[in-house]
Every structure is written in structure tokens, then in C-alpha cells.
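What follows is the residue order along each chain.
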Amino acid sequence: MRVWVLRGLLAGLRGLLFAVGALALNAALFGLFVVGVLLSVAGLGIFLVPLLAVVVRAVADYDRRILTQWTGVAIASPYRARPETLGAWGTYRWVMTDPATWRDLLWLFLSTYAAAALLIVPAALILSGTEGITGVPVLLYYILDWYGYGVFWPMSNAVEAALSWPQGFAILAAGLTLAPPALRWYARFTNALLGPTRAAALARRVDHLTQTRTDTVDAQASELRRIERNLHDGAQARLVALSMKIGLAEELMNRDPEAAQRLMAQAREYSGQALEELRDLVRGIHPPVLAERGLDGAVRALALTVPLPVEVEVDLPGRPQAPLESAAYFAVAESLANAAKHARATRIHVHLRYHMDRLSIVVRDDGRGGADPEAGSGLRGIGRRLAAFDGTMSVDSPPGGPTTVTMELPCALSSPRTSPSSGTA
């Protein structure tokens, strides 16, 4: 009962705030935008319309974000990307030719009616019912002696004033019941106008795939250069030195057996170093532990290499596909490395979970915070790696900490496992 009342009161208050904003701000912006478009004939609108478009889009983005948080109805932004070099006329054309501009204008006009129809009625019912059950009409009738009228309740005698209580309970219950779905309906109405159309969503999807493909190709080229450099400077140099040592030992075998023996010992040492470097290189491409023990075991083994206490919690009922599993592993590895090197943390928590066809990875540390994906290549690299698989990454790192890196990858699992596990490394 308490949760139902609080949910209804909160939804009613939020709906009232949106209704007031729509009736005031949205109506004013609609009028100004129409005036700006009309002034385009005289040339003034070329400068006024883009400025108004910035304000309208800021208001629309705010409504998208708040309604998504309050109702769970995800409302994406549909605007086209602005070209880098545009003059006044180019900016005007960019605004006027974007279909989202006209949908914003339609939303400004219709939101006033939608808010009045969907949001004001539940709020008014809650206020009216609250007045009835708190005895305000009775106070008005007996104490203030207004003889006949409360704020919502007309009354001409004490009996009508007393009857306000049961009626107030019924009206308040109706308002509390209607407020949450009314707010969701308003969010769906907003999504229908402010969200991207099917064509816009497809275009954004194509742009996203084009960008991620470019990033993936660049990342693969960089990885190939890294492998080539490591082979050239590491294992290849060791093997060349090994060949030279063996050749010298062959020449000295008959003339100076002791020197040949020393050269063979050095050759054996070089072969061991070359083998170790090759193993390190293979682990950097696809760790054997990942193939043998899966993401669960590989992350736990990775946590043991971090010079901090790392708590690992895994709830995976199976294994992702190998490329995605590798991407998730290296994303965790990079996150742990960042926390150990830069965060000044004392403890790290890693949580892997599979829910609703998505692999969720959360890496949280108790460090100093302030991590910025735009300021460092490590977090940007994680984002690019995940984007190749349509994954996402978000960073919550206020100054003073803690830092939480949340990564999600859409995937399907195979080879079901029996139960989740957790532990501390």
C-alpha cells in the first residue's frame, strides 16, 4: 500500500511538472520558432532559426532523458550529425532539412494538449482527493466561515463537508492509480514524435556500423603491426642469435670444445627466452587459459596477476562465442590494468552476468575517480573493441571515486553450466 501511494504521488507530481512546463515553455518555443521561420523571408530567420533550434533540441533532449529515467521508455535522439564547416546559410539549411526539426515543432504544438489530457487530470484528482480527506473543506466551512466553497469542493452545509472524506478517498485512489500509466503514456507519445523514425534509426545504424567497421579495421591493423614488431624485435632476434651461436659452436667443436660448450649453453638460454616471448605473444592474441577454462576461469586467473585484492563474481550459464569471449576478456584486462595503475585503488570488484541475451561486465574500484574515456587511450580502446560486437561501455567516475566501468555485449551462450560462482583473488 505504501509503495503504491508513493509511486502514485511521485508520478502525479512529475506529471504536473511536465504539464506546467509544456503549457508554458513548449507553447512559447513553438510560437517563437514559427515566427523565426516566417522571418526567413526577410533574411532574419537565417540567424534566428538555428539559435531557436539549439534551444528546442536542448529542451527535447532534457525531456527524453528525464522521461527515460522516470518511466523506462527509452527515447533516442534522432538528430543528424552537424558538418564541421558550415556558414550561416549552411547551418540554416542543415536545420531546416533535418526531419527531426519538424517533428520537434509538431511535438512543441501537440505536447501542450497531450500534457493537459494525460498529466493534469491525475494531478488534479490527487489534489482534490487530498483536500477532501485532510478535512480542508471542513476547516473552510467551520473555521474560515467561507460558507459554500472549498478549493475543489463546493458545499453548503456541514453534511456536505463531512461527505468530502469518503469521496476524497475515492478520488485520491483514482488519481494515484491513473498517474503512473498516464506518465508512461505521455512518454510513449513523446517517443512517437521525438524518437527516431524507422528510416532515421536505420541510417544511424548504418553510420554506427560503418564507424565500428573502420575502428575494427584500424584496430586489427594496429594489432598486426604490434605482433610484427614484437616478433621482429623479440623472438626473431633471439632465433637469429641462436642460429649464430649454434654455427659458431659447430666451428669450435673440434678446435675448442670448451668454448663450443659455452656457446651451446648460451644458445639453450636464447631458445628459452625466445619460447617465453612467443608464449607471451600468443597470450596477447588469444590466451590459452581462455580456450581451456572459459571466460569465468580466465578472468579469475587474470585477477591473480593484479597486485590488488580483486573480488570476482560470475553468473554465466554458458560460454559466449570465441571472438566475443576474447573481446570481453581483454576488456576486463584493460579495466583491471587501468584501476591498478592509475586509480590508486585498494580493492577491485568484477561482476560478470548474463541477462536477457546480454553479457554485462561491471568493474568497480574504490580509487580516486576522475577517469575520462576521452582523456586516455585505454578506455577508448575498450569502447572500440566492444563496438565491433555492437557492445557499449559507460564510465561513472566522479572525483574522489569510486569508478565503475559498465560494459554490455549482446550475445548468445552455449555449453550451459550448473551454477554461478564467486570468490576473491
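Structural notes, computed from the coordinates. (Residues numbered from 1 in each chain as written. Predicted model: local features only at pLDDT ≥ 70, side-chain atom pairs only at ≥ 80, totals over all residues. Heavy atoms only, no water.)

**A closer look at the pattern of salt bridges**
Argument step 1. Overall, the coordinates contain six salt bridges when judged by the stated rule.
Argument step 2. A salt bridge links arginine 64 to aspartate 61; the shortest N-O distance between them is 2.5 Å. Taken together, the positions of arginine 64 and aspartate 61, both in helix α2 (residues 45–71) and three residues apart, correspond to about one turn of that helix.
Argument step 3. The exposure class of arginine 64 is buried, given its relative accessible area of 3%. (Salt bridge = Lys/Arg side-chain N within 4 Å of Asp/Glu carboxyl O. Helix = DSSP H or I, 4+ residues; strand = E, 2+ residues; numbered from the N terminus. Buried < 20%, exposed > 50% of the residue type's maximum accessible area, 1.4 Å probe, protein only.)

**Some remarks on the pairing of strand β5 (residues 403–410)**
Argument step 1. In this sheet, β5 lies alongside strand β3 (residues 358–365) in antiparallel orientation, the contact comprising eight bridges. If you follow arginine 364 over to β5, its bridge partner there is threonine 404.
Argument step 2. Connecting strand β4 (residues 392–396) to the next strand, β5, in antiparallel fashion are six residues, including glycine 400 with a positive phi near 95°. (Pairing = 2+ DSSP bridges.)

**Focus: the nonpolar core**
Argument step 1. Phe33, Leu67, Trp107, Leu119 and Tyr186 are the most contacted members of the largest nonpolar core, which has 39 residues in total.
Argument step 2. Contact partners of tryptophan 107, with chain neighbours within four places excluded, come to Asn26, Val59, Ala60, Asp63, Tyr186, Phe189, Thr190, Leu193 and Leu194.
Argument step 3. One finds Leu316, Leu324, Ala343 and Leu409 within the second-largest nonpolar core, a separate group that totals 38 residues. (Core = buried A, V, L, I, M, F, W, Y, C linked by side-chain atoms within 4.5 Å. Contact = heavy atoms within 4.5 Å.)

By themselves these figures say nothing about function.
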